[in-house]
Amino acid sequence: MLICFILVSPSCTYKLSLSGASIPGNMKTIRVDFFENNAALVVNNLSTQFTEALKDRIRNTTGLSIVRTDEADAVMSGSITGYDIAPVSVNATNNNVAPIAGASRLTITVSVKYVSNVDKKASFDQTFTKYQDFTGDINTQEQTLIAAINKQLTEDIFNAAFAQW
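First, a word on scope: everything that follows refers to the structure included in this document. Everything quoted here is computed from the prediction, not taken from an experiment.

The subject of this paragraph is the nonpolar core. Ile-30, Ile-58, Met-76, Ile-108, Tyr-114 and Phe-162 are the most contacted members of the largest nonpolar core, which has 34 residues in total. Listing elements by their share of this core, those giving two or more residues are strand S3 (29-32), helix H2 (46-61), strand S6 (74-91), strand S7 (100-116), strand S8 (124-134) and helix H3 (142-162).

Moving on: the packing of aromatic side chains. On inspection of all chains with the given rule, the structure shows five aromatic pairs. Residues Tyr-114 and Phe-124 carry aromatic rings whose centres are separated by 5.5 Å and whose planes lie at 35° to one another, so their mutual orientation is tilted. With a gap of 10 residues between them, Tyr-114 in strand S7 and Phe-124 in strand S8 connect regions that are remote in the sequence. Assigned by exposure class, Tyr-114 and Phe-124 land together as buried. Judged by centre distance (5.7 Å) and plane angle (75°), the ring pair of Tyr-114 and Phe-162 falls under edge-to-face.

Mapped onto the secondary structure, Asp-56 falls in helix H2. Along the backbone, Asp-56 and Ile-66 are 10 residues apart, and their C-alpha atoms lie at a distance of 9.7 Å. A distance of 2.8 Å separates a polar atom in the side chain of Asp-56 from a polar atom in the side chain of Arg-59.

Helix length check: H2 (16 residues) gives 22 Å between terminal C-alpha atoms against 22 Å at 1.5 Å per residue, within 8%. If you check which residues of H2 are buried, you get Leu-46, Ser-47, Phe-50, Thr-51, Leu-54, Lys-55, Arg-57, Ile-58 and Thr-61. Buried residues of H2 fall within an arc of 160° about the axis and therefore sit on the same side.

Time to look at the packing of H2 against H3. One way to put it is that H2 packs onto H3 with a least axis distance of 9 Å and a crossing angle of 45°. On the basis of the axis angle, H2 is oblique to H3. Between H2 and H3 lies a crossing whose hand is right-handed. Across the interface between the two elements, Leu-46, Gln-49, Phe-50, Ala-53, Leu-54, Arg-57, Ile-58 and Thr-61 from H2 touch Gln-143, Ile-146, Asn-150, Leu-153, Thr-154, Glu-155, Ile-157, Phe-158 and Phe-162 from H3. Among the residues forming the contact of H2 with H3, the class breakdown is 10 nonpolar, five polar and two charged.

Moving on to the environment of Phe-128. Here Phe-128 shows up in strand S8. Looking at Phe-128, the relative accessible area reads 6%, which means it is buried. Remark: the alpha-carbon pair of Phe-128 and Thr-109, spanning 19 residues in sequence, is separated by 5.6 Å. Beyond its immediate chain neighbours, meaning those up to four positions away, Phe-128 contacts Ile-108, Thr-109, Val-110, Val-112, Leu-153, Asp-156, Ile-157 and Ala-160.

Once that is clear, we can look at the pairing of S3. Burial along S3 is two-sided: Thr-29 and Arg-31 facing one way and Ile-30 and Val-32 facing the other are all buried. Sheet analysis places S3 next to strand S5 (residues 65-66), joined by two bridges and oriented parallel. Following the sheet pairing, Ile-30 is matched in S5 by Ile-66.

Note that Ser-104 resides in strand S7. Note on Ser-104: relative accessible area 14%, which makes it buried. Not counting chain neighbours up to four residues away, the residues in contact with Ser-104 comprise Ile-85, Ala-86, Pro-87, Val-88, Gln-132, Asp-133 and Phe-134.

Attention now goes to the pattern of salt bridges. One pass over the full model with this rule turns up seven salt bridges. With a closest N to O distance of 3.0 Å, Arg-31 and Asp-70 form a salt bridge. Note that Arg-31 is positioned in strand S3 and Asp-70 in the loop between S5 and S6, a separation of 39 residues in sequence. Overall, the relative accessible area of 66% leaves Asp-70 in the exposed class. The partner of Arg-57 in a salt bridge is Glu-155, with the nearest N and O atoms 2.7 Å apart. Here Arg-57 is found in helix H2, whereas its partner Glu-155 is found in helix H3, with 98 residues between them in sequence. When its relative accessible area of 15% is taken as the criterion, Arg-57 is described as buried. Salt bridges linked by common partners bring Arg-31, Asp-33 and Asp-70 together as one network.

Calculation notes
Residues numbered from 1 in each chain as written. Predicted model: local features only at pLDDT ≥ 70, side-chain atom pairs only at ≥ 80, totals over all residues. Heavy atoms only, no water. Core = buried A, V, L, I, M, F, W, Y, C linked by side-chain atoms within 4.5 Å. Buried < 20%, exposed > 50% of the residue type's maximum accessible area, 1.4 Å probe, protein only. Helix = DSSP H or I, 4+ residues; strand = E, 2+ residues; numbered from the N terminus. Phe/Tyr/Trp six-rings, centres within 6.5 Å; stacked < 30°, edge-to-face > 60°. Polar contact = N/O pair within 3.5 Å; in protein donor to acceptor, adjacent residues only side chain to side chain. Expected span 1.5 Å × (residues − 1). Arc of directions from axis to C-beta. Axes fitted to C-alpha atoms, helices over the stretch in contact; angles between N-to-C directions. Parallel < 35°, antiparallel > 145°, perpendicular 65-115°, else oblique. Left-handed = near helix turned anticlockwise from the far one by under 90°. Contact = heavy atoms within 4.5 Å. Nonpolar A, V, L, I, M, F, W, Y, C, P; charged D, E, K, R; others polar. Pairing = 2+ DSSP bridges. Salt bridge = Lys/Arg side-chain N within 4 Å of Asp/Glu carboxyl O.

Treat this as a map of the structure, not an account of what it does.
Below, the structure is given as structure tokens:
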């Protein structure tokens, strides 16, 4: 019972959640800025998809309100700095033709600056990179791959900001 009392006591300085998040008790709001796509290879809707995925991760896992004001308790900003497709394996051919890619890798890199006005030690400026391997044509799989990578990226970013224990 003592543990239950400590966890729900209003004097606690951190709110704990089942997601593993450890959010300062006096943090109520966060601003998530639009993440511009500054990668050499640009996908039209990547910025919007990533920004919304990050907002959804915060919204669905914490009690924080996402606001647009400069007076938010924390701010997340940054940009998409890399969007790359590269072969990861090669299949040989029998007929003197150049080898073809057996599998390829889509890699997305995001630069994130997190500023906590409540807990300055939690602030960071960091780069996050995730990838998914695929076979076949990228055009038929690109949106599914992007969604899977966004999920991994937002998980890592969320953990860096809110799961520091």
